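This is what each chain is made of:
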Amino acid sequence: MTTIQSPQAGQCRGLADYHVHTIASVDGRVAAADYIEPAVGLGLTEIGFADHVDLDPRDPGCGYFDYARYRREVAAAEAVAAGRLTIRTAFEITYQSSREEEIRRFLTGKEVDYCLGSAHLIEDTGGWCNVSEPETPVVYYAARDKRTVYSQYWAEIRAAIASGLFDLLAHLDLVKRYAIRAYGPFRPDEFADEIRDVLWLAIDKGVGLEINASGWRQPPEEPYPALTILRWYREMGGEILTLGSDVHWLPHLCYGLPEAAALAREVGFKAVARFAQRRLVGWLDLPG
Ligand SMILES: [Zn+2]
Ligand SMILES: [Zn+2]
């Protein structure tokens, strides 16, 4: 098992956690305002509330997100923060190539600092599954080989980038979360062409990646994306990177963030990107 512990006071000084879920997410358990004192104690410079937006009726979170309620959550957090850290607003939208127009309609008239694109659902004429939860993939993966499943996933990621809907891609290789149970360890080299194609497109379109630390506390026991993919992204000229804990309850706030920052430095990143009003507005130097 992974040995990463939740960080202690001061251990996230100068960092930004750009993937934080509040009770405005169907699976979030913490009011936005309740994150603030712990975040200040950890030393965070920025916190990004990126709540789930799910538009597919098969998704248990479908219809849950309420934009007005989300804005109230953020306003309450801002009152507590009183300028002690910067609060960013965001959506984590489940992308499906079949629902691009719905996503576009959802975004109309709503303001956030950045949009995370996630491929949580994959499907074909024979069925569908949610790659981020344990149940539906069991049957789906059993009926398909490894290459089919991974290729469906990369195709969806590619379409998400091409859609122009997103500033950042969340947990780039999330499919490995439960696919490793069906097919064995995830090795990026086996999908090098498809993954590199995805990375080229992301770089070309100016869509960034996050290091999502939740993988360390999940079956892969490594971040999303894998270190190899992060290294490829950097070698290919990728620059836009953020860090996120994907926290849904307080003990996971900033979980893995210091380790993610160290990985970013290891592969050559000097800073992470800062977003405001759907634009990259600057950089936050990685400590160390
Ligand atoms: Zn997600
Ligand atoms: Zn998330």
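Cut-offs and rules
- Residues numbered from 1 in each chain as written.
- Chains lettered and ligands numbered in written order.
- Predicted model: local features only at pLDDT ≥ 70, side-chain atom pairs only at ≥ 80, totals over all residues.
- Heavy atoms only, no water.
- Phe/Tyr/Trp six-rings, centres within 6.5 Å; stacked < 30°, edge-to-face > 60°.
- Helix = DSSP H or I, 4+ residues; strand = E, 2+ residues; numbered from the N terminus.
- Buried < 20%, exposed > 50% of the residue type's maximum accessible area, 1.4 Å probe, protein only.
- Lys NZ or Arg CZ within 6 Å of the ring centre and 35° of its normal.
- Salt bridge = Lys/Arg side-chain N within 4 Å of Asp/Glu carboxyl O.

Further remarks concern the packing of aromatic side chains. Tallied over the full model, the rule gives 18 aromatic pairs. The interplanar angle of 70° and the centroid separation of 5.0 Å between the aromatic rings of Phe-91 and Phe-106 together place this pair among those described as edge-to-face. Residue Phe-91 is located in strand β3 (residues 86-94), and its partner Phe-106 is located in helix α3 (residues 100-107); the two are separated by 15 residues in the primary sequence. With respect to burial, Phe-91 and Phe-106 carry one shared label: buried. With centroids separated by 4.6 Å and ring planes inclined at 20°, the aromatic side chains of Tyr-150 and Phe-191 adopt a geometry described as stacked. Linking Tyr-150 in helix α5 (residues 146-162) with Phe-191 in the loop between α6 (176-183) and α7 (192-205), this pair joins segments that are 41 residues apart in sequence. By the ring-pair criterion, three or more aromatic residues cluster together here, those being Phe-65, Tyr-67, Tyr-70, Phe-91 and Phe-106. When the ring centre of Trp-232 is taken as reference, the NZ or CZ atom of Arg-196 above it lies at 4.8 Å.

Side chains bearing opposite charge may pair, as long as their charged atoms lie close to each other. Counted by the stated rule, this structure contains 18 salt bridges. Among the salt bridges present, the one from Arg-58 reaches Asp-56, with a minimum N-O distance of 2.9 Å. Arg-58 sits in the partly exposed class, given a relative accessible area of 33%. When salt bridges with common partners are traced through the structure, they connect Asp-56, Arg-58, Arg-99, Glu-102 and Glu-123 into a single cluster.

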